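Here are the chains, one letter per residue:
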Amino acid sequence: MYDVIVKKRDGGILTKEEIEYFVEGYTKGEIPDYQASALTMAIYFQGMTAEETATLTQAMVNSGETIDLSAIEGKKVDKHSTGGVGDKVTFIVGPLVASVGIPVAKMSGRGLGHTGGTLDKLESIKGLEIEMTKEKFIENVNKHKLAVAGQTGNLAPADKKLYALRDVTGTVNSLPLIAGSIMSKKIASGADSIVLDVKTGSGAFMKTLEDSEALAREMVDIGNNLGRNTVAVISDMNQPLGYEVGNANEIKEAAEILKGKNVEDLRLLSLEISSHMAVLAEVFPSYEEAYAALEANIENGKAFQSLRTLVESQGGDVAMIDDLNQLPKAAYEIEVKADKDGYVSAIDAESIGIAAMYLGAGRATKDDQINHGVGISLKKKIGDPVKAGEALVVLISDDEEPVDSISKVKEAYTISDKQVEKPTLIHNIIK
Ligand code: URA
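The paragraphs below set out a description of the structure included in this document. None of these values were measured; they are calculated from a predicted model. (Residues numbered from 1 in each chain as written. Predicted model: local features only at pLDDT ≥ 70, side-chain atom pairs only at ≥ 80, totals over all residues. Heavy atoms only, no water.)

## Digging into the packing of helix α5 (residues 89-98) against helix α14 (residues 302-313)
- Put simply, α5 and α14 touch, their axes get as near as 8 Å, and they point 105° apart. As summarised for this structure, α5 and α14 are arranged roughly perpendicular, according to the angle between their axes. On α14, the residues touching P95, L96 and A98 of α5 are A303, S306 and L307.
- Taken together, the residues of the contact of α5 with α14 sort by class into five nonpolar, one polar and no charged. (Axes fitted to C-alpha atoms, helices over the stretch in contact; angles between N-to-C directions. Helix = DSSP H or I, 4+ residues; strand = E, 2+ residues; numbered from the N terminus. Parallel < 35°, antiparallel > 145°, perpendicular 65-115°, else oblique. Contact = heavy atoms within 4.5 Å. Nonpolar A, V, L, I, M, F, W, Y, C, P; charged D, E, K, R; others polar.)

Structure, rendered in structure tokens:
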């Protein structure tokens, strides 16, 4: 291990054997944390070639179980978002892509942070069951083209251990290590192809377009090097996506899109991601044909029907998505108002996320309970004119005076005298 550390410290390129030796040894506890820390710091400063990064990723995949989806007919395409506030794209894209016959076998997690994760949000729908046997999961995907289940199995344990170490040694922010970490979990989940939604902007993990593009490039190269066709969409996270943040209210907004409502940014991004998935699944020869077919399935109701089938097949109360007013909703609606006339020039997505968490929409620690019925409805987005006293957001709260959330929302909004452009939604596509 000493030789491996020194080689990377001096800018050398590690061999497959050296990388595998490190990942296997560290996972088994044979290589101590101090040597692993030294190596990750050397990687932080010296970087890795695309080949080294792919080898590292494959070694992390091999450190644990992998999910075998070969019993599902057709090409399986997965999507992954690097995370943003109001990001309910999965609930739109899953049914939409399934509605054109592409199998979507979605394994998701719970959230630690601003709002719940995919599973928590889905559990806003009464009765919806996300624990199921592997056989049932595969049967559902074959029958209905769509199933969402909780992540089971011990996927990429090397990543879990390394990530915890990086977190306390100042080595999270290394492109090959981030890219390898994310892709190891995606590849272990068994998809043939992957569409990545890499967020960029103030509310994203990567704040600048340049960094987001570099991360996307690393991940696309890993996927392609390991035999998974991968496309990354770089999308804007300078404000929350859509108008709803929370659990039930994100499900509500996603269902509304599938019912044909035009929430511009959310609908566009969902169609963009779905179209790339449909091309990777080899169901459509071109992006344009995929886009037209997917859009048609929103208009003709097939996409919403696909969401209904998902809810029904997993034991959920379909009445709640037929009539979205039946979804859980907290007791009070509290307007947070603008204190001057002008134009909304910035909305710090992270602060909106934290305000939602204060209401109970997310978990600060893993044992916290989620309140599915609380959340934030944005009334104004960047570029909108606003008058003093008009609502910027409505807090949906079980607390009559959620003072911390109110002050966090006030902090999030910037109102300027001059009109500002709406931010570009899709910055780039990396293939
Ligand atoms: N998310 C991950 O899963 N891994 C990283 O290294 C960073 C963000």
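Read on for the rest.
## A look at the sheet that holds strand β11 (residues 391-397)
- Ordered in space as β6-β9-β11-β7, the four strands form an open sheet in which the pairing is antiparallel. Every other strand in the sheet has two partners, leaving β6 (244-246) and β7 (332-337) as the edge strands with one partner each. Between one strand and the next, the sheet's axes are offset by a mean angle of 20°, whatever the strand orientation.
- Bridging between β6 and strand β9 (residues 375-378) involves three bridges; their strand directions are antiparallel. Looking at the pairing, G246 lines up with G375 of β9.
- Docked against the sheet, helix α17 (residues 403-412) engages β7, β9 and β11, running at close to 35° with respect to β7. (Pairing = 2+ DSSP bridges.)

## Quick word on the pattern of salt bridges
- Inspection of the entire model under this criterion finds 28 salt bridges.
- Linking K16 and E20 is a salt bridge whose minimum nitrogen-to-oxygen distance equals 3.2 Å. Residue K16 and its partner E20 are located together in helix α2 (residues 16-28), separated by four residues, close to a single helical turn.
- Close ionic contact of D87 with K199 constitutes a salt bridge, the shortest N to O distance being 3.7 Å. Taken as a pair, D87 in the loop between β1 (77-81) and α5 and K199 in strand β4 (residues 193-200) lie far apart in primary sequence, 112 residues in all. (Salt bridge = Lys/Arg side-chain N within 4 Å of Asp/Glu carboxyl O.)

## Quick notes on the environment of N300
- For N300, the location among the structural elements is in the loop between α13 (287-299) and α14.
- The exposure class of N300 is partly exposed, given its relative accessible area of 43%.
- Separated by 40 residues in sequence, N300 and G260 place their C-alpha atoms 8.9 Å apart.
- Of note is the side chain of N300, whose polar atom sits 3.1 Å from the side chain of N297.
- Looking at N300, its side chain comes within polar contact range of the main-chain nitrogen of K302, at 2.9 Å. (Buried < 20%, exposed > 50% of the residue type's maximum accessible area, 1.4 Å probe, protein only. Polar contact = N/O pair within 3.5 Å; in protein donor to acceptor, adjacent residues only side chain to side chain.)

## Quick notes on the site of the ligand
- Close to the ligand lie Y163, R166, I178, S181, I182, K185 and F205, which account for all nearby residues.
- The contact in question runs from a nitrogen atom of the ligand to an N or O atom on the side chain of S181, over 2.6 Å.
- Between K185 and the ligand, the recorded distance is 2.5 Å, taken from a side-chain N or O atom to an oxygen atom.
- Across the complex, the protein chains shield 82% of the 240 Å² of accessible surface that the ligand would expose by itself.
- Contributing elements (two or more residues each) for the shell around the ligand: α8 (157-167) and α9 (175-188). (Near = heavy atom within 4 Å. Areas by Shrake-Rupley, 256 points an atom, 1.4 Å probe, with all protein chains shown as cover.)

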